[in-house]
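Letter by letter, the chains look like this.
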Amino acid sequence: MDNFTVAEPANQEPPTSEPAPQSPSQPRAPRPYTVTYALIAINVLIFVVMVASGVSFIRPTALDVFNWGGDYAPATVGAHQWWRLLTSCFLHFGIVHIGFNMYVLFQIGPFIETAFGRARYLIIYLFAGLSGSLVSIWIHPNSVGAGASGAIFGLYGAVFGFLAIQRRTLDPVATKAIAKSAGIFILYNVIYGSMSGTTDLSAHIGGLVSGFLIGMLLVRPRRAAEI
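Note that the coordinates shown come from a computational prediction; the quantities given were computed from them, not determined experimentally. (Residues numbered from 1 in each chain as written. Predicted model: local features only at pLDDT ≥ 70, side-chain atom pairs only at ≥ 80, totals over all residues. Heavy atoms only, no water.)

> Outline the side chain of Thr76, listing residues and values.
Of note, Thr76 is situated in helix 3 (residues 73-78). Judged by relative accessible area, Thr76 falls into the buried class, the value being 0%. The residues contacting Thr76, other than those within four sequence positions of it, are Asp71, Gln81, Trp82, Arg84, Leu85 and Ile137. (Helix = DSSP H or I, 4+ residues; strand = E, 2+ residues; numbered from the N terminus. Buried < 20%, exposed > 50% of the residue type's maximum accessible area, 1.4 Å probe, protein only. Contact = heavy atoms within 4.5 Å.)

Shown next, in the form of structure tokens:
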């Protein structure tokens, strides 16, 4: 959330005996959330290209996703195709899958980008995504994994890492609200994932834990009025 300076008062003729007062600075334009928008654009663009190539818009097959770089232990580990740990983070199993993930990223991304800065935000996102992919192939070696949810859970983990370090510098009401929102999201997804036969909770948990740990390491000193 950005702060805005007080609106400039009406022009008045300054007394001749005193120097003219300096004009207050104009309100800052809203900070563009470059990393968040770029990540959403990359995910959507890849999905559009997949669909344009003939992959199902609603329910791509595991083979379809694998051919585009899905995470699969026999290939990732057995054939040393380690790049799949990263590419799988930008692939999705259909419009509902990507739609939900991008909506959540749009909700949490601006907070992380403001709290940590662009470079650290990107580090958290990629590190959590890779960690989620690693945990996924360890727990489910015979399944093809894909999706941004491990990285997104990492952002929520970073929220708790941020609060653990900065809780004394924040308004307790704001701290409680942020923690409650993140907690509800995580609880809902754990319950929904447990009921779903396709949701990979291992990737979610791997991303969440790694995001919390690296979030604590990367928390920067908070400047006044920054959050």
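The structure having been displayed, the exposition proceeds.
> So what's going on with the pattern of salt bridges? Residues and values would help.
By the definition in use, this model includes 1 salt bridge. Its salt-bridge partner being Glu113, residue Arg118 comes within 3.6 Å of it at the nearest N-O pair. According to the relative accessible area criterion, Glu113 is buried, its value standing at 0%. (Salt bridge = Lys/Arg side-chain N within 4 Å of Asp/Glu carboxyl O.)

> Now, about helix 5 (residues 95-116): what can you tell me, with residues and values included?
The first and last C-alpha atoms of helix 5 sit 30 Å apart over 22 residues, in line with the 32 Å expected at 1.5 Å per residue. Ile108 marks the point of greatest bend in helix 5, at about 35°, and the proline Pro110 comes within the next four residues. Where helix 5 terminates, the next one or two residues include Gly117, which has phi positive at roughly 90°. (Expected span 1.5 Å × (residues − 1). Bend = angle between axes of the 7 residues up to and from the residue.)

> Go over helix 7 (residues 149-166), please, and point to the residues and values.
For helix 7, built from 18 residues, the straight-helix expectation of 26 Å at 1.5 Å per residue is met to within 8% by its first-to-last C-alpha distance of 25 Å. With 15 of its 18 residues buried, helix 7 lies for the most part within the structure.

> Account for the confidence of the model for the protein chain, naming residues and giving values.
Taken residue by residue, the protein chain gives an average pLDDT of 83. The fraction at 70 or more is 78%. When the criterion is pLDDT under 50, residues 1-30 qualifies, and its contacts beyond four places in sequence or with other chains add up to 20 contacts. (pLDDT = per-residue confidence, 0-100.)

> Pulling in residues and values, what's your account of the packing of aromatic side chains?
For any pair of aromatic rings, the description consists of the separation of the ring centres together with the inter-plane angle of the planes. Summed over the entire model, instances satisfying the criterion amount to 4 aromatic pairs. Between Phe66 and Tyr72, the ring centres sit 5.8 Å apart and the planes meet at 85°, which makes this aromatic pair edge-to-face. Residue Tyr72 is classed as partly exposed on the basis of its relative accessible area, which comes to 25%. Aromatic rings pair up to connect Phe111, Phe116 and Phe162 into one cluster. A cation sits over an aromatic face here: Arg84 above Phe66, 4.0 Å from the ring centre. (Phe/Tyr/Trp six-rings, centres within 6.5 Å; stacked < 30°, edge-to-face > 60°. Lys NZ or Arg CZ within 6 Å of the ring centre and 35° of its normal.)

> How would you explain the nonpolar core if you had to name every residue and give the values?
Ranked by size, the top nonpolar core spans 35 residues in total, and within it Leu105, Ile112, Phe116, Tyr125, Leu155 and Tyr156 carry the most contacts. Elements with a minimum of two residues in this core: helix 1 (34-52), helix 5, helix 6 (118-139), helix 7, helix 8 (172-195) and helix 9 (201-218). Among all residues touching Leu155, those that are not within four sequence positions of it are Leu105, Ile108, Ile112, Tyr121, Ile124 and Tyr125. By size, the runner-up hydrophobic cluster in this structure holds 5 residues, among which are Met50, Val55, Val65 and Ala146. (Core = buried A, V, L, I, M, F, W, Y, C linked by side-chain atoms within 4.5 Å.)

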